[in-house]
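Listed here are the chains, written in short residue letters.
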Amino acid sequence: MGYLKEIGLYFMMLKGVFIKPTKTSVLRNLVLKEIDDLIIGSLGIVCFISFFVGGVVAIQTALNMDNPILPKSLIGFASRQSIILEFAPTFISIIMAGKVGSFITSSIGTMRVTEQIDALEVMGINSLNYLVFPKIIAMLFYPFVIAIAMFLGILGGYAAAVFGGFATGDQFIQGLQEEFVPFQLVYAFIKTFVFALLLATIPSYFGYYMKGGALEVGKASTTSFVWTSVFIILTNYIITQLLLS
Amino acid sequence: MIEVQNLKKGFGGDELVLKGISTTFDKGKTNLIIGQSGSGKTVFLKCLLGLFRPTEGKILYDGEAYSELSSEKQRTLREQMGMVFQGSALFDSMTVEENIMFPLKMFTKQRKAERRERANEVIKRVNLINANNKLPSEISGGMQKRVAIARAIVNNPKYLFCDEPNSGLDPRTATLIDNLIQEITHEYEITTIINTHDMNSVMEIGEKIVFLQKGHLAWEGSKETIFKADNDDVTNFVYSSDLFKKVREAVLKENQ
């Protein structure tokens with residue numbers, strides 16, 4: 001029953017986000033600030049992780065190709081498939097659940113604890129729209145982050161394969177182009193879009209409805225990370241089943 | 001003026017937190033709600049603010065019942081309310097000046113220069129010096145309270161609500177804040193309602209005092225009449241400290 005109540009409250013929160021909109025001029029500034037905090041602020045870590053994990057994927061693939069019949073271009077092919085299909089959209093989203101999700105939960109939770117949300121409500125401002133809506137809009141730019149992660153992951157793979165002596169540049173690029181199915185990119189971006197919505201709303205829910213003090217803000221951040229990750233993994237499974245099977 | 005008619009509030013269980021409160025808060029006066037912890041003061045204040053919907057009864061703001069207004073009119077009414085929270089509730093990502101300009105930014109069509117001019121007027125009124133560009137975390141508790149008061153009055157509210165406005169402040173700053181709220185109340189003819197535990201505030205600015213006990217209105221009067229209150233709950237609450245016991249004895253002796 002408790003979980004059902006929570007799910008119901010989450011959807012009521014979503015409804016509350018889209019009613020009584022904040023003044024456009026104020027909203028514009030809030031969205032820009034959120035883009036800076038959530039998107040631009042995450043680029044550094046995303047670029048770093050993508051490049052090196054891409055490199056590791058290429059090395060692991062190369063080291064596990066014992067059979068001499070297997071062409072070297074398979075390193076590029078395998079890197080492309082793992083990075084585009086899973087690493088960039090899903091793995092980066094789990095990392096973002098930790099980085100962006102904790103930030104959202106703790107910032108909204110602190111506002112709850114320090115009565116700043118009550119202050120907004122007393123002024124007649126729809127606090128859900130004021131706090132959560134700009135985050136949802138900002139996270140619509142999340143697919144750009146994932147596109148960068150895909151590019152850098154593949155670049156990392158290329159660098160590791162070529163400079164590590166596992167394949168030549170031509171072989172790697174040939175692998176990248178082999179049996180490329182454009183729909184797989186569509187699939188990757190569809191799930192990225194869904195993850196973006198989860199990343200913006202689940203941590204907001206845990207921050208907005210938290211009760212208690214500073215200790216509970218920390219607990220809410222952890223809970224938010226766990227549940228955001230769980231829902232990312234679950235929706236990943238459902239979307240994959242629906243679109244690729 | 002705010003008129004409360006038979007206000008009852010519960011949270012789902014059988015027990016009501018507020019058990020039928022009826023009273024009036026006058027315009028241009030500092031109205032104090034006092035009572036022990038758990039007496040229902042905060043729930044009462046949140047009902048007055050429209051944050052809690054009453055289970056039964058009505059709250060009339062200058063004759064208009066909040067619960068009977070359309071959502072648009074409720075929003076307009078909310079814009080006429082100012083609130084000073086116990087912890088100030090300043091937006092910590094904004095500077096002092098931005099905090100004060102915030103209600104103007106949200107509810108008026110004023111340009112930035114006009115908003116800044118109005119903000120500086122109230123900053124001057126609450127005696128905030130050299131704090132415009134500081135963040136709330138960079139100023140003292142007393143200054144934060146002044147910023148909270150400035151933010152609450154910047155949009156010329158008709159109703160001002162204060163929840164423990166001087167908690168955590170030293171006695172001198174607490175008195176200054178009390179006096180500031182009273183001056184502003186008289187100056188702008190605001191209906192001010194203050195939720196407090198502080199007996200100094202009661203004696204200093206209690207033009208009307210409402211005493212809550214276990215969700216009931218147990219006594220109402222003013223700082224002048226509280227000395228003569230014949231209600232045991234009130235006398236036990238107000239005169240729990242030796243200082244006030246002695247003050248009471250002195251006042252009663254003087255009156256004899």
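Residues numbered from 1 in each chain as written. Chains lettered and ligands numbered in written order. Predicted model: local features only at pLDDT ≥ 70, side-chain atom pairs only at ≥ 80, totals over all residues.

Draft legend 1. Layout of the overall build of chain B. Regarding its fold elements, chain B presents nine helices and ten strands. For 256 residues, the compact-globule estimate of 2.2 N^0.38 gives 18 Å, and the C-alpha radius of gyration of chain B, at 19 Å, lies within 12% of that figure. By principal-axis analysis of the C-alpha atoms, chain B measures approximately 55 × 45 × 30 Å. (Helix = DSSP H or I, 4+ residues; strand = E, 2+ residues; numbered from the N terminus. Rg over C-alpha atoms; globule rule 2.2 N^0.38 Å.)

Draft legend 2. Molecular detail of the packing of helix H8 (residues 182-208) of chain A against helix H9 (residues 214-244) of chain A. All names here are of chain A. H9 packs onto H8 with a crossing angle of 155 degrees between their chain directions and a minimal axis gap of 9 Å. The orientation of H8 with respect to H9, classified from their angle, is roughly antiparallel. The handedness of the crossing between H8 and H9 comes out as right-handed. In this structure, H8 uses Tyr-187, Ile-190, Lys-191, Val-194, Phe-195, Leu-198, Leu-199, Ile-202, Pro-203, Phe-206 and Gly-207 to contact H9, whose residues at the interface are Ala-220, Thr-223, Ser-224, Trp-227, Thr-228, Phe-231, Ile-232, Thr-235, Asn-236, Ile-239, Leu-243 and Leu-244. Classifying every residue of the contact of H8 with H9 gives 16 nonpolar, six polar and one charged. (Axes fitted to C-alpha atoms, helices over the stretch in contact; angles between N-to-C directions. Parallel < 35°, antiparallel > 145°, perpendicular 65-115°, else oblique. Left-handed = near helix turned anticlockwise from the far one by under 90°. Contact = placed C-beta atoms within 7 Å. Nonpolar A, V, L, I, M, F, W, Y, C, P; charged D, E, K, R; others polar.)

Draft legend 3. Broad picture of the interface of chain A and chain B. In this complex, chain A contributes twelve residues to the contact, which on the side of chain B involves 14 residues. Per element, the largest residue contribution to the side of chain A that touches chain B is five residues, and it comes from helix H4 (residues 116-122) of chain A.

Draft legend 4. Representation of the UniProt feature "transmembrane region" (unreviewed entry) in chain A in the model. Residue and element names in this part refer to chain A. Mapped onto this numbering, the UniProt entry gives "transmembrane region" (unreviewed entry) at residues 38-63, 83-104, 136-164, 185-206 and 226-244. Between the end C-alpha atoms of residues 83-104 the distance is 27 Å, and the span holds 100% helix and 0% strand. With 100% helix and 0% strand, residues 226-244 has end C-alpha atoms that lie 26 Å from one another. (UniProt positions renumbered as here; feature names shortened; annotations may be inferred.)

Draft legend 5. The arrangement of the pairing of strand S2 (residues 16-25) of chain B in detail. Residues and elements named next belong to chain B. Bridge analysis of strand S1 (residues 2-10) against S2 gives seven bridges, and the strand direction is antiparallel. Bridging across to S2, Ile-2 finds its partner in Phe-25. Adjacent in sequence and paired antiparallel, S1 and S2 are bridged by five residues, among which Gly-12 carries a positive phi angle near 100 degrees. (Pairing = 2+ DSSP bridges.)

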